[in-house]
Structures are given as C-alpha cells and as structure tokens.
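Structure assessment
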Amino acid sequence: MYNFEFVKPSSVEEAIAALKEEDAQPLSGGQTLIPTMKQRLNQPSKLVSLLGIAELNGVSAEGSTVTIGGATPHAVVAADASAYPALAALASNIGDPAVRNRGTIGGSLANNDPAACYPAAALASGATIVTNSREIAADDYFQGMFTTALDEGEIITGVKFPVPEAANYQKFEQPASRFALTGVFVAKYADGVRVAVTGASNDGVFRWTEAEEALSGNFSADAISGLTVDASDMISDLHGTAEYRANLVKVLTGRAVAAC
Amino acid sequence: MPKDGIGASTKRREDIRFLTGKGRYTDDINLNGQLYVHFLRADVAHATLNAVDTASAQDMQGVVRIFTAKDFEAVGGLPCGWQVTDKHGNPMQEPKHPIMAEGKIRHVGEIIAAVVADSLEEARDAAEAIVVDYDELPAVIDMKAACADGAPKVHDDLTSNLCYDWGFVEENKAAVDEAFEKAAHVTTLELVNNRLVANPMEPRVAVGDYAPHDDSSTLYTTSQNPHVIRLLMGAFVLGIPEHKLRVVAPDVGGGFGTKIFHYAEEAFCTFAAKQIKRPVKWTSSRSEAFMSDAHGRDHVSKIQIALDADNNFTALRTDTYANMGAYLSTFAPSVPTWLHGVLMAGNYRTPLIYVNVKAVFTNTVPVDAYRGAGRPEATYQLERCIDKCARELGVDPAELRRQNFITPDQFPYATPVAVEYDTGNYHATLDKALELADVTGFDARAAESKKNGKLRGLGIANYIEACGIAPSNLVGQLGARAGLYESATVRVNATGGIVVMTGSHSHGQGHETTFPQVIADMIGIDASQVEIVHGDTANTPMGMGTYGSRSLAVGGSAMVRAAEKVINKAKKIAAHLMEASEGDIELKDGQFTVSGTDKSVAWGDVTLAAYVPHNYPLDQIEPGLEETAFYDPANFTYPSGTYICEVEVDEGTGKVEVLNFTAADDFGNVVNPMIVEGQVHGGVGQGIGQAMLENCAYDADGQLLSASYMDYAMPRASDLPMITVDHSCQTPCTHNPLGVKGCGEAGAIGSPPALVNAVLDALNRNGHAVDHIDMPLSPSRVWTAMNQ
Ligand SMILES: Cc1cc2nc3c(=O)[nH]c(=O)nc-3n(C[C@H](O)[C@H](O)[C@H](O)COP(=O)(O)OP(=O)(O)OC[C@H]3O[C@@H](n4cnc5c(N)ncnc54)[C@H](O)[C@@H]3O)c2cc1C
C-alpha cells in the first residue's frame, strides 16, 4: 500500500471540501477500495472517510418509500429494511459477515461492479440515487461496468427505494467470489413490473424489458416461457459461458416471479 | 491397559496450541536485525530477458541490497530429485532450474530480482523502480500444441518441449494392442485431470540466518521435510555442508504436497543472509502463492479398456500428457510415471496394461505432487472409464467392478504394472459402502427428488493407492535420487518419560498424538509420558519427511524398531536388577516381571538405573537408554476402498448439490480412529473441491486467470455434505510392524470419480445422454452438457 492521508469529517460539506484535493477519494466500508490499495492498484493521496457522518447511516421508511443512508452497512440494511423485505434479504446475502458489517450501499452503487447485488435492486425498484448535489434516477445512473453518472468529488448520500407490491431477488453465486454469477431482481408495482439483471451483461446491470412487458400483463413464470435472451452481449468467463448466463437470466427471472 | 494406546480416539494434543493461537509458525519467527525481501516476479509468461536495471532502486530508502541472476552465477540450480528414463532408454530432458530467471522468463511469477530492505513496504517500493528490459515471446501453454513440430521452445537448449516419452511396460505394448484387436467390446474415454493449486492455509515462508562466529547457516521454512531441504539446498545449490546448515520447519499450516519441494525462495533467503550477514525473511502473499507454489495434477488422458464377451477386462491402455510447467520441480517427473503408471491396474485383474506418458514443458508454474500425486489421476481415468463401460454395456457399474476385482485369495497379487499388492479385500469395502450408502433405497430417493424437480444420481468408485513410500533399492532403480527410509530416535529419560525424535514431519496429520499412542502401547505407560520432536535437523535424525501417506507406515515403523531396541536393553537392565535371566523378562503395563515368579520392577526404576548405574551390568551394556533406528520399507502399502456419492442436479441451472458421501476404506490397522476419520474428511473435501470447484486456468498468453480467491474456488463448509466414514474392513499390511497402510491421501483419490460418476448417472437416468464432463463440474459445464 502506498502512503496516503486520512480524514474523517463529520458533515457532508466537510467531506466534499476534502474531496476537492487532487486524487482524494471517498472511503466508505473499504471492502472494495482497501484491497485494491493493498495490491497497489490504486494510489489515492487522501482518503475521506464517510463513516463519521451520522446522517449517512441508517434506514428510514416513510409512506411507500424506504430511504437508506449512503454509508449504511449491508448488515444494517438487512436488519432494518423490514419495510422492503426483498431488499433486506438481498443485503443479508452479500459476501460474508465481515463484508456485511463494513461494506455499504453507497460504496456498492458508486463502484457499480458488474456482479454486485445492489445495482439490480436499485434499477428494478426505479430507485433514486441521492447525492450531495442532485437526485439521479436509477435508469440514468448506471452507465456500464464500473461506470456511473457520478461526477468527480460527488458522493452518494442516500438511496430512495419505492416499495413494490411484491419483489424477489434470485442470486446465483459465482462459486469462488460468491458475487452474483447472475442475479435477477423482479419488482412488481401498481403501474407495472420491472426486472433488472446483474452479473450477466458486458454492459453491467440492465433491465430485461421484454420480460417486464410480459410480466406486466401476466405476473406468472409462464408469461416469460416463450421469451429468449440474447447471449451476444453476455459475459463469458471461467465460470460461465454467455449462453449459460443468458439461460440463467430466464431461469432466475421465472424463479423470482414464482417466489414473489 | 495404557491410557490412550493403539485404537483410542485420543483428542489431538497439538490442537490445544493451534486452537488457542499459540502455534509457532515460521512467520512467527522474527530474528534480531531481520531484513525483508520482496521478489520482483515476471508478469509475462515467456520472454527474452535482456537486462535488469536496479540502479535507481538501489538508492531508495531502506534498501540494503538488490539481487539479480548475476549474483547466483556461482550457485547451482534447484535440483530435481528423480530422473525418469524414456521408452527408448534415454534419460529425460532436464533443464537448469535457476534461482532467478537467467536470460529468459519462462512463467508468470518467475523471480527476476529480489530487493532486501529494512521493511517490506520499502522493498516493494524499490521493486517498482527496477527496470526490466525484455522482449515477449509466444507462450507455450497447451500441452499438445507444445509437442507440435515448430512449437516455440520453453528451453532453447533442449531438443523440444518433451521432457520424456515414457512407455510402461514397453515390452507389453504389442500384446496389449493385440488384445484390443480381439476384444468383444472396447470403451474409450478422453478426459482432463484439472490443474489445481494446493492453497494450504499457511502460505510459504522462509527466514534465512547466518552466524559469523561459526560460519553456520540456518533456514526456517514451511517444509514437510526439513532434512531433504538441507540435503538438496546444501549439497546442490549453495554448497554448504550439512554440519554447517540447519533447517527448521516448525509448526506448518498444511502442506498437501506443495511444501515437499525445494524452492528458490528458501535458497535465496539462506544465501542472502550469509551475504548480508543479517537475517532475511520472506512471507508469501496469497497472490504470490498462486504463481509460485508448485501446482498439482494437470493431465490430459485417453484411456481404453478392452473386454471379452463375458465382460472380463482383458486389456487396458492409456495415453497421458502430463504438464511439468516451465521447470522440473523436485519430484515432478515421478508423479505421472512411478506414482501413476504403476497404479493403472487399480483393484482389477486386467492382465495386460500399457501406459504411455508424455511429460511436457510449458510456460506455466511448475507442477508437482499434490495430495495423492499420480494416484488420483490413475484412479480417475480408470473409474470413469469403467463407469462409461458399464453404461455402454447396460450392466450395473458396481457389478462390473465386482466381477473384475482381484479376489481375496489372490493376494499377494502381482499386477502387470510392476507392483505387488500384499493384502486387500475389495469385495468387503464394496459391500460395506453399498450397505452404508443404502443403495437399495436409491430409487425411492430419486423419485422423491424428481417430485422436487431435481435429478438425482449415484456414483461409485473404487481406488487403490501405493503409499508408505518407499523401498529405497526399488525407487533407486526407478530413478529416485534419494532413499525413502525413515528414522527415529527414542530417548528415555532417567525418570521414565520418553522423547521421540522423528524424521517424519507433522503439518496437520497429528503425529504428536498418534506416535505416543504407539509407544504407550508397546511399554504400557500413558501416552502423556511421551513427547514427539520433529521438524529440526539439529535435533532429529536424518529423515525423509512426510508425504505419500508414509509417516506411520515408515516413520512409525522406524519408531517401533527404535523402541524395540530400547525395550530389549531395558529388559537386560531389569534382568540384572531382579537377578533373573534376560529371556524370562516380560514387559507389560509398565512393569517388568520374571515369568513364573512374582518378582517385578517398574519401568521408572529401570530407566533410573540406566542413568544412575550404581547397580548395573556395566561390563555388558552401556549406561543410558536411547536408541535410533532407520527403517526402509520392504514394499509400498496398498490402502484401498470404495466411495459412493449421491447428488442432485438442478436442471435449470446445472448446479450440483452433493447430498451425501460414503467412504469405506481399508487402511489396515488403525491407531487413532478419530484422526483417520478426519484425514478422510479432509481428503474427500479436497476431492470434492477438485471435482466441482477448483480450476487453475491460464489464458493462451500464459496469464493465470484464476490468480486469487475471486476466481479460484476453494471448497467451503457449505459445499460439503455429511461424510460417512468406515474403516472396519481391515487387511493389515503384511510387511511393516504395525500392519498399517496410510490414510492421508485416500479421500482425495477416491472422491473425484465417485462424484463425477454420480452427476453423469443423474443426467443419463433423466434423458440426458452425456458421456463425460471435465472437472470441475461447474454449473455452466453441467448445463452446457445437458443442452448440447
Ligand atoms: C469477500 C467479499 C465478498 C463480496 N460479496 C459481494 C456480493 O456477494 N454482492 C455484492 O454486491 N457485493 C459483494 N462484495 C462487495 C461489497 O458489497 C463492497 O462492500 C461494496 O462493493 C463496496 O462498498 P464499500 O462500502 O466497502 O466501499 P469502499 O470500498 O469504501 O469504496 C468503493 C468505491 O466507492 C467509492 N465510494 C464509497 N462510498 C461512496 C459514496 N458514498 N459516494 C461515492 N463514492 C463512494 C470509493 O471511493 C471507492 O471507489 C463483496 C466484497 C468482498 C470483499
């Protein structure tokens, strides 16, 4: 690891000011950032910890919206997001206990790993990503593997999830990392069904719109039985071929619907 | 009866220190004035190495000295401990294995330079300032491509990438081919035995130290065999005589074969400490371990079995490409030959066998022995092929095996591949396993699974292995450059306690518990009176270490021989004390008695007399009570068994769940049943890892794709089923004093074919005609096979 400075501000304003320094980077749970620093793949001049900012931590439910602070660990979401059970269940199955106690939703969404779980929940829920300067709709936020709408020095302060009538996340684990080899989040709202897929595509998390249309008319696993998933943009690696991932998208969508 | 003698499931005494964090591992050793080394390793697989410029790095903070290949010009290469002779009678091609890349880079992870600094971070900083000038060459990764005409050569000074082309038994080849022509049925199967990375929990560590006052060197290292490292490193690499070199392997956190070998980092730390006159320490990171620990397996084989019209095996032949990696690791050439070819008879009477092995150099990490070493590869081929054969013939796979078993009355049984099995009863373990696995209830369970949308399958595999390695005169003829005896010194103290100094090394096997159980049984004292010392060349007799399930069979036998000498001498002393004749003395429950009288003298009185020899036959025997024995086994031992596995396959995703696992083993006599059971659990866990999860993969450029736990899947507790272990079928070894055979590798040998057979059974029973899937049976591979 290279040397760096470390600050732990107690307000968003101070954090944003600290992040103005060249090569300063926000640090949340550190579950992604610290390993890359240990490997000397990342050399921030300054780490700005977000964990000292009280308003970024916690889950609140108001009306039909669940709001999660940007620096809320997965374990807290798992325990406190009971107003959105499918989201709590997703959080409870990320990584191992250490990862869940340290890793945060803001870190996960900022990183936008193509195999991460939260991006599927945010996109399928039509969530709103709240930053220090604006609100970004999930549909506009995810812009491909490890790429988001966030600007330099902008931080996620919270995520607003509209609570669906029914939802389920099916995670098929990659056997080594136990990230999602493919994961499908299905959320049923009064105005339609949204289906988001993680782990499968070379373009990162995406919505499977054909399935959404079919399921919005008939919310049953049968509704998608006639659909096919195009394998041409799917990831192919040691753990699964593109065709296999395309199959998983369909199988897991069916299982998620059945489990709703 | 002594407390905790042979047969007691004594809890492992070493676990108290391991489980309370008091183990003393190599990384716990920190010496005064210690420096740290960071190795700059190649990030390309094949390149001409033009120059290594260390000038600016040398001036960086904390740097003490930077070493490159130039510093090792006067030093030998890492020796190979086994020379295989090819089918034409020529010695294998044996390239130099330098400490650091000389002129050429041959695999990702090869050492290019070493920075020794005050701290590890300073060493790493400086390593980034080293400028390496190289020209990349096309990498040789695929073994068959490596053997093609015009393939780029890994070693320019060799004639090709072929290390050897071995035929066994070459004289039988024509007869084998003829039997295939006459066969009523031939089954052919091509398969891959996947490359593995051992991943012991403790990564490798080396600390070199030098004492100017007596010009002696000490190496602390994570080794399974410190004496072997002392001999190889002292005599062949650094030119340090044994009396000036001490090698210590303290607590070692798992070896699985990969800590047998002599590695460049060990020689480096010893060498650098002497040059700098300060201790030098290296602790491997997990990332380094993936690209510098010797890998395991990596065979590509084609096997064929010929049968007559009555389904008797008449002949067998196999062709294997065995990956050596870029250099020959210490025992690499022996694994696909003398630990693989000689096991191709398995548990069967097949009268004619021919084995061909082509060992190939590639631009990958060297490959060497890994738990089972050669025997898993042999067993996997055989047991997969027999299963396929049974399906082709429409016969019960258990019965096809049973029909071809060597029968209990045929022992000792000389196979057509050079070895003689002393004992065994394959029918007994098969029957036992079928019973324990409730095979008769399978159909009902399969119907239940189907209701839940799952495909259920059952797989059987038998195995035989050769362990208790090995008779020195035999292995000498086969090309070993070492003897394979073992040693022990039994030192009895004045007050009767005993210290056994053994050449075996425990790195998870529990010797500190089992070895005392044997002594306790022989003398009739509590096992707590016996202490085991191992792992330090300064205080143990020359021994060959622990691998190949040899510790109890060979090391334990040496200890028994030494203890017998002790007891014989003690009887002389007892006879003197009781004024009786030596022939009438008996030792039982720690008491010497004179048969036919009520005279007795306690063990402790005799041992005291040996060290306070006031009333003592000094004219006949020396004072003291300490004896050493070296034991060279007369034959290998041949554990065997039957493994049964039941799985469910999810048709939608191809995911396999291992539901249960049954292991019925014949290990001969068993000293500590609990430890034996644990060894089988661990072995089966590793076998399931190989069969379902572990996959060490390179891309075409020689980059390691599975270089961390993000992509290399180790088995975790939740991947494993409950394992039923039985070792009640015992045919004791006939040629060692304990009648023991060895249990360390069996689980890893028998389990992969049982699991793969079970998955294929599940598929074929349910309308998916699939002949074979290569390990690991990842969900993607299983689904793809079902949907071809
Ligand atoms: C062993 C292991 C298993 C895992 N398994 C899973 C899994 O199954 N599923 C899954 O989804 N994930 C998994 N993860 C990832 C885990 O969820 C991480 O915690 C998460 O990806 C990053 O969160 P963090 O809080 O640790 O972020 P950090 O590591 O602190 O930061 C990650 C990146 O985001 C930036 N950042 C952090 N917070 C903010 C913010 N509020 N605003 C803007 N930028 C920010 C940082 O600068 C950095 O670039 C696993 C991780 C590990 C180590």
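Nothing here was measured: the structure is a model prediction, and the numbers come from that model.

**Considerations on the sheet that holds strand E1 (residues 5–7) of chain A**
Residue and element names in this part refer to chain A.
- Spatially, E1-E3-E2 is the arrangement adopted by the three strands of the open sheet, whose pairing is parallel. Of all the strands in the sheet, the pair left with one neighbour each is E1 and strand E2 (24–27). Each adjacent strand pair in this sheet contributes to an overall mean axis angle of 25°, direction not counted.

**Side note on the site of the ligand**
Residue and element names in this part refer to chain A.
- As a structural note, the neighbourhood of the ligand is formed by 29 residues, with Pro26, Gly30, Gln31, Leu33 and Thr104 the closest of them.
- Note that an oxygen atom of the ligand is positioned 3.2 Å from one of the backbone N or O atoms of Gly95.
- Relative to its unbound accessible area of 960 Å², the ligand is 90% covered by the protein chains.
- A total of four residues in the shell around the ligand trace back to one element, the largest contributor, which is helix H6 (residues 105–111).

**As for the sheet that holds strand E24 (residues 600–602) of chain B**
All names here are of chain B.
- A sheet is described by the order of its strands in space; here three strands give the open sequence E22-E23-E24, paired in antiparallel fashion. Each of the sheet's edge strands pairs with one partner strand only, and the pair in question is strand E22 (585–588) and E24. Neighbour-to-neighbour, the strand axes of this sheet turn through a mean angle of 25°, independent of strand direction.
- Both strand E23 (residues 591–594) and E24 contribute to a ladder of three bridges, which runs antiparallel. Paired with Gln591 across the two strands is Ala602, which belongs to E24.
- Across the sheet, helix H15 (residues 551–577) lies against E22, E23 and E24, angled at about 120° from E22, the strand it touches most.
- In the packing of helix H16 (residues 603–611) onto the sheet, contacts are made with E23 and E24, and the angle to E24 comes to roughly 70°.

**Brief notes about the pattern of salt bridges**
All names here are of chain A.
- Per the stated rule, a full pass over the model turns up 57 salt bridges over all chains.
- The residue Arg134 makes a salt bridge to Glu154 at a minimum N-O spacing of 2.8 Å. Linking Arg134 in the loop between strand E6 (128–131) and strand E7 (135–137) with Glu154 in the loop between helix H8 (138–141) and strand E8 (156–162), this pair joins segments that are 20 residues apart in sequence.
- In this structure, the salt-bridge partner of Asp237 is Arg245, at a minimum N-O distance of 3.0 Å.

**Considering the domain arrangement of chain B**
Residues and elements named next belong to chain B.
- Here chain B is described as being made up of domain 1 (15–21 + 485–631), domain 2 (31–137 + 201–254 + 259–292) and domain 3 (386–467 + 636–787).
- Here domain 2 packs against domain 3, burying approximately 620 Å² in sum over the two surfaces, 60% of which is carbon and sulfur.
- Applying the counting rule to domain 2 against domain 3 returns zero salt bridges.
- At the junction of domain 2 and domain 3, the tally comes to two residue pairs in polar contact (both at pLDDT 80 or more).
- When grouped by side-chain class, the residues that make up the side of domain 2 that touches domain 3 number five nonpolar, one polar and two charged.

**Remarks on the interface of chain A and chain B**
- Each partner contributes residues to the interface: chain A has 22 residues there, and chain B has 26 residues.
- For the pair chain A and chain B, the summed buried area comes to about 1900 Å², and 49% of that belongs to carbon and sulfur atoms.
- In terms of surface lost to chain B, no three residues of chain A exceed Arg40(A), Arg178(A) and Leu238(A), which account for 31% of the buried area on that side.
- For the interface between chain A and chain B, the tally reads five salt bridges.
- In this structure, Asp719(B) engages Arg178(A) in a salt bridge whose closest nitrogen and oxygen atoms are separated by 3.4 Å.
- Connecting chain A to chain B are 18 residue pairs in polar contact (both at pLDDT 80 or more).
- Sorting elements by how many residues they give to the side of chain A that touches chain B places helix H10 (residues 242–259) of chain A first, with six residues.
- Grouping the amino acids of the side of chain A that touches chain B by side-chain chemistry returns 10 nonpolar, seven polar and five charged.

**Overview of the pairing of strand E9 (residues 166–173) of chain A**
Residue and element names in this part refer to chain A.
- Burial of E9 is extensive: six of the eight residues sit out of reach of the surface.
- Looking at chain direction, E9 and strand E10 (residues 180–189) are connected through eight bridges and run antiparallel. Its bridge partner being in E10, Lys171 is matched across the sheet by Gly183.
- Here E9 hands over to E10 after six residues, with Arg178 in that stretch at a positive phi of 60°.

**As for the UniProt feature "domain: Aldehyde oxidase/xanthine dehydrogenase a/b hammerhead" (unreviewed entry) in chain B**
- Mapped onto the present numbering, the UniProt feature "domain: Aldehyde oxidase/xanthine dehydrogenase a/b hammerhead" (unreviewed entry) falls at residues 20–138 of chain B.
- In residues 20–138 of chain B, the share of helix is 11% and the share of strand is 29%. The end C-alpha atoms are 50 Å apart.

**Some thoughts on the packing of helix H14 (residues 511–523) of chain B against H15(B)**
All names here are of chain B.
- One can describe the packing of H14 onto H15 by two numbers: an axis separation of 10 Å at closest approach and a directional angle of 35°. Here H14 and H15 pass one another in a crossing that is right-handed. Each of His511, Phe515, Val518, Ile519, Met522 and Ile523 in H14 lies in contact with H15, whose residues at this interface are Ser551, Leu552, Gly555, Gly556, Met559, Val560, Ala563, Glu564 and Ile567.
- Here the residues of the contact of H14 with H15 are counted per class, giving 10 nonpolar, four polar and one charged.

**Here we look at the layout of surface pockets**
- Approximately 580 Å³ is the volume attributed to the second largest pocket.
- At the level of elements, E9 and H10 of chain A together with strand E26 (640–650), strand E27 (656–666) and helix H17 (673–693) of chain B are the ones that each hand at least two residues to the lining of the second largest pocket.
- Residue composition of the lining of the second largest pocket, by class: 12 nonpolar, five polar and 10 charged.

**A short note on the UniProt feature "domain: FAD-binding PCMH-type" (unreviewed entry) in chain A**
- UniProt tags residues 1–166 of chain A as "domain: FAD-binding PCMH-type" (unreviewed entry).
- Secondary structure within residues 1–166 of chain A divides into 31% helix and 21% strand; the distance between the first and last C-alpha atoms comes to 45 Å.

**As for the domain arrangement of chain A**
All names here are of chain A.
- Split by domain assignment, chain A resolves into domain 1 (5–49), domain 2 (55–162) and domain 3 (166–259).
- Centre-to-centre separation of domain 1 and domain 2, based on C-alpha positions: 19 Å.
- Contacts between domain 1 and domain 2 engage nine residues on the former and 14 residues on the latter.
- Interface area, domain 1 with domain 2, both sides summed: about 830 Å², of which 65% is carbon and sulfur.

**Focus on the environment of Gln529(B)**
Residue and element names in this part refer to chain B.
- Here Gln529 shows up in the loop between H14 and strand E21 (530–533).
- Look at Gln529 and you get partly exposed, because its relative accessible area is 40%.
- In this structure, the C-alpha to C-alpha distance between Gln529 and Pro721, residues 192 residues apart in sequence, is 38 Å.
- Beyond its immediate stretch of four places on either side in the chain, Gln529 contacts Gly497 and Ile498.

**Considerations on the packing of aromatic side chains**
All names here are of chain B.
- Tallying each qualifying case throughout the model produces 32 aromatic pairs over all chains.
- Through pairs of rings, three or more aromatic residues link up here, namely Phe39, Phe67, Phe72, Phe268, Phe271 and Trp282.
- Taking NZ or CZ as reference, Lys173 lies 5.5 Å from the ring centre of Tyr354, over its face.
- For the cation-ring pair, Lys358 lies above Tyr321, with the distance from its terminal atom to the ring centre recorded as 5.6 Å.

**A look at unusual backbone geometry**
- For the bond from Phe168(B) to Val169(B), the omega torsion is -5°, close enough to zero to count as cis.
- The topology assignment puts Val169(B) in the loop between strand E7 (162–168) and helix H5 (173–182).
- Cis geometry is adopted by the peptide bond preceding Ala470(B), which originates at Ile469(B) and carries an omega value of 0°.
- Residue placement: Ala470(B) occurs in the loop between strand E18 (454–464) and helix H13 (472–477).
- Positive phi values are uncommon outside glycine, yet Phe146(A) reaches one of about 55°.
- Mapped onto the fold, Phe146(A) is located in the loop between H8 and E8.

**With respect to empty space enclosed by the protein**
- This structure, assessed with the given rule, holds four cavities of 30 Å³ or more.
- In this structure, the largest cavity encloses a volume near 230 Å³.
- Lining the largest cavity are 22 residues; nearest its centre among them are His97(B), His107(B), Tyr263(B), Ala264(B) and Ser292(B).
- Counting residues per element, the ones that place at least two in the lining of the largest cavity are helix H7 (264–276) and helix H8 (286–292) of chain B.
- Partitioned by chemical class, the residues of the lining of the largest cavity number 11 nonpolar, seven polar and four charged.
- Lining the second largest cavity, in full, are Pro175(A), Leu238(A), His239(A), Met692(B), Leu693(B), Asn695(B), Asp711(B), Ala713(B), Pro776(B), Ser778(B) and Arg781(B).
- Grouping the amino acids of the lining of the second largest cavity by side-chain chemistry returns six nonpolar, three polar and two charged.

Conventions and cut-offs
Residues numbered from 1 in each chain as written. Chains lettered and ligands numbered in written order. Predicted model: local features only at pLDDT ≥ 70, side-chain atom pairs only at ≥ 80, totals over all residues. Heavy atoms only, no water. Pairing = 2+ DSSP bridges. Helix = DSSP H or I, 4+ residues; strand = E, 2+ residues; numbered from the N terminus. Axes fitted to C-alpha atoms, helices over the stretch in contact; angles between N-to-C directions. Near = heavy atom within 4 Å. Polar contact = N/O pair within 3.5 Å; in protein donor to acceptor, adjacent residues only side chain to side chain. Areas by Shrake-Rupley, 256 points an atom, 1.4 Å probe, with all protein chains shown as cover. Contact = heavy atoms within 4.5 Å. Salt bridge = Lys/Arg side-chain N within 4 Å of Asp/Glu carboxyl O. Domains from an automatic or database assignment. Buried area = accessible area lost by both parts, 1.4 Å probe. Nonpolar A, V, L, I, M, F, W, Y, C, P; charged D, E, K, R; others polar. Buried < 20%, exposed > 50% of the residue type's maximum accessible area, 1.4 Å probe, protein only. UniProt positions renumbered as here; feature names shortened; annotations may be inferred. Left-handed = near helix turned anticlockwise from the far one by under 90°. 1 Å grid on protein atoms, 1.4 Å probe; cavity = no way out; pocket = protein on both sides within 12 Å on 5 of 7 lines; lining within 4 Å. Points joined across faces, edges and corners; volume = space filled by probe spheres on them. Phe/Tyr/Trp six-rings, centres within 6.5 Å; stacked < 30°, edge-to-face > 60°. Lys NZ or Arg CZ within 6 Å of the ring centre and 35° of its normal.

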